[in-house]
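A structural walkthrough
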Amino acid sequence: MYIGLDLGTSGLRAVLVADDGRLIASGAESYATQQPHPGWSEQDPGLWTSAVDAVLSQMAAQHPSAMAQVRGMGVSGHMHGAVCLDTRGAILRPCILWNDSRAGVEAAELDARQGVRETSGNIVFPGFTAPKLMWMARHEPQLFEACAKVLLPAGYMNFHLTGEYFADMSDAAGTAWLDTGGRDWSETLLDACGLTRAQMPRLIEGCEVGGTLRPDLAARWGMSDQVAVVGGAGDNAASACGVGALGEGTGFVSLGTSGVVLTGRDSYAPAPASAVHSFCHAVPDRWYQMGVILSATDSLNWLSRVTGAAPATLAKDLPDQINGPGRLRFMPYLSGERTPHNDPQVRGGFLNIEQGTDRAAMTQAVMEGVAFALGDCAQALRGTGAQLNSLLAIGGGTASRYWLQTIATVLDVTLELPEAGDFGAALGAARLAMVGTGAGSVEDIMQPPKVAERIAPRSDLVAAYREAHAAFAACYPMLREVS
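Residues numbered from 1 in each chain as written. Predicted model: local features only at pLDDT ≥ 70, side-chain atom pairs only at ≥ 80, totals over all residues. Heavy atoms only, no water.

**Comments concerning the side chain of Glu337**
The condition that has to hold: Helix and strand labels come from DSSP, where a helix needs a run of H or I of at least four residues and a strand needs a run of E of at least two; each type is numbered from the N terminus. Per-residue accessibility, obtained with a 1.4 Å probe over protein chains only, is compared with the maximum for each type, and a residue is labelled buried under 20%, exposed over 50%, and partly exposed between these values. A positive count includes Lys and Arg, and a negative count includes Asp and Glu. His and the chain ends are not counted in either. In what follows, salt bridge is the name for a side-chain nitrogen of Lys or Arg lying within 4 Å of a carboxyl oxygen of Asp or Glu. The contact rule is simple, with two residues in contact once any of their heavy atoms fall within 4.5 Å.
When you line up the elements, Glu337 lands in the loop between β20 (329-331) and β21 (349-351). Of the side chains with opposite charge, Arg338 comes closest to the buried, unpaired Glu337, at an N-O distance of 7.2 Å. Residues in contact with Glu337, not counting those within four places in the same chain, are Val292, Ile293, Leu294, Asn342, Asp343, Pro344, Val346 and Ala373.

**With respect to the packing of aromatic side chains**
Selection criterion: Here a pair means two rings of Phe, Tyr or Trp (six-membered ring of Trp) with centres within 6.5 Å. Their orientation is stacked below 30 degrees between planes, edge-to-face above 60, and tilted elsewhere.
In this structure the tally under the stated criterion is 14 aromatic pairs. Both rings, one in Tyr268 and one in Trp287, keep their centres 5.9 Å apart while their planes meet at 35°; by these two values the pair is tilted. Of this pair, Tyr268 sits in the loop between β17 (259-265) and β18 (277-280) while Trp287 sits in strand β19 (residues 287-293), and the two are 19 residues apart along the sequence. Given the relative accessible area of 25%, Tyr268 is considered partly exposed. On the numbers, 5.5 Å between centres and 45° between planes, the contact of Phe372 with Phe472 is tilted. Remark: Phe472 occurs in helix α18 (residues 462-482) and Phe372 occurs in helix α14 (residues 359-382); sequence separation between them is 100 residues. Judged on exposure class, the residue Phe372 and its partner Phe472 are both buried.

**Points about the packing of helix α11 (residues 235-243) against helix α16 (residues 425-436)**
Rules: Note on geometry: axes are lines fitted to C-alpha atoms, helical ones only across the stretch in contact, with angles between N-to-C directions running from 0 to 180 degrees. Oblique is the label for every angle not falling under 35 degrees (roughly parallel), over 145 degrees (roughly antiparallel), or within 65 to 115 degrees (roughly perpendicular). All residues other than Ala, Val, Leu, Ile, Met, Phe, Trp, Tyr, Cys, Pro, Asp, Glu, Lys and Arg, Gly among them, are scored as polar; the first ten of these are nonpolar and the last four charged.
Look at α11 against α16: their axes get within 7 Å of each other, and the N-to-C directions meet at 75°. Here α16 runs roughly perpendicular to α11, going by the angle between their axes. The segment α11 lies against α16, with Asp235, Ala238, Ser239, Cys241, Gly242 and Val243 engaging Ala425, Leu427, Gly428, Ala429, Arg431 and Leu432. Grouping the constituent residues of the contact of α11 with α16 by class yields seven nonpolar, three polar and two charged.

**Description of the environment of Cys95**
Here Cys95 shows up in strand β7 (residues 95-96). When its relative accessible area of 0% is taken as the criterion, Cys95 is described as buried. A C-alpha to C-alpha distance of 33 Å links Cys95 and Phe350, two positions 255 residues apart in sequence.

Structure below.
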């Protein structure tokens with residue numbers, strides 16, 4: 001048996017998987033995020049450890065014989081967060097999360113330094129880890145001086161589980177401290193932030209064993225004292241492992257809180273000027289690239305809060321089949337944007353609201369706006385030479401056929417829906433544990449799921465959505481001027 005943990009922004013999910021890939025059990029626990037100031041987003045790491053204890057204790061009570069057979073664990077975590085510890089391993093302040101935009105000035109300063117993009121392979125986004133530590137040095141100098149270790153969320157969970165400081169390459173690539181091509185910490189990038197290698201966790205591959213589960217936790221959760229904990233992965237790399245997206249031509253579009261278009265790459269091909277993320281994959285000698293938008297289903301959730309109608313109710317206002325783009329435009333920049341704009345300050349809006357605009361029209365505009373933003377990501381990825389032949393569609397937003405058909409037509413790519421099952425980051429983390437403990441090779445374990453349905457672009461509407469996408473793209477410069 002193998003356990004995969006997905007440490008998400010809004011909650012923790014765990015899966016218990018047999019060595020033949022069968023899902024034996026799953027559980028989840030939610031927790032809150034704090035926004036103490038506009039643009040800030042923080043979380044107490046103690047919530048994560050309480051959540052994992054609650055979920056695994058429940059699994060132990062319901063599946064004691066299976067938990068006794070666990071050989072390995074893997075952790076997937078939301079990327080870029082900064083967990084700062086003192087010399088005793090105590091938490092110095094709440095974790096600054098990936099969607100926190102306070103460090104925009106520091107990100108721009110670091111990004112402008114010679115060699116930073118060339119070494120890291122990426123623009124330094126305000127949500128990355130490095131500018132957050134620069135912000136701390138400037139605004140919380142006493143805490144910065146007391147910081148003995150900087151861990152990412154998954155790395156902190158690894159530390160909680162094992163007492164060891166280690167992290168995987170895919171997660172580390174989102175810090176702006178990694179030589180992404182060389183798969184090692186960069187002394188130059190660390191020095192630019194006033195940090196040293198000694199303050200970083202040990203780097204390992206995601207499918208490499210980093211430590212053993214603490215005896216007290218093993219006893220608490222009904223496991224043996226020989227459970228291996230592997231490096232794990234950042235959430236998107238783990239999701240890619242869960243759907244077998246490892247090499248050229250494989251990838252997915254994710255409709256979650258944020259939106260992602262991801263493709264595996266057989267070689268390192270950074271293109272930082274496009275705001276495409278180029279990161280190490282969670283398995284050796286592989287990389288991946290992705291475009292990221294910050295508000296995907298979050299945009300529909302926002303409309304839900306405003307209208308008082310549940311997201312599923314809003315989706316039911318629309319038919320299953322698209323019939324062309326609407327006149328109403330929605331710019332989904334509720335928390336700024338990453339790909340392709342790298343703009344933490346821009347904010348969203350509606351354009352062309354009129355007397356006849358109703359809830360259904362606003363829902364359609366929100367779904368189209370997210371689809372057009374994902375289309376921006378796809379264009380940026382294609383500019384690096386990536387092949388987007390077909391993409392698996394994952395995430396909560398895939399429940400809407402209207403939304404999926406819109407995205408397929410905007411991207412002009414067939415979307416594949418996997419058969420019922422769990423193919424998310426938690427499964428990817430469990431698969432990394434399977435490889436790390438000798439259950440099989442990367443190629444054997446990380447197979448793509450069976451496809452239940454294919455949603456093809458509407459060829460008769462591709463041109464109309466292309467024209468609407470161009471109109472959407474033309475709005476950004478004007479919106480930026482008034483944001």
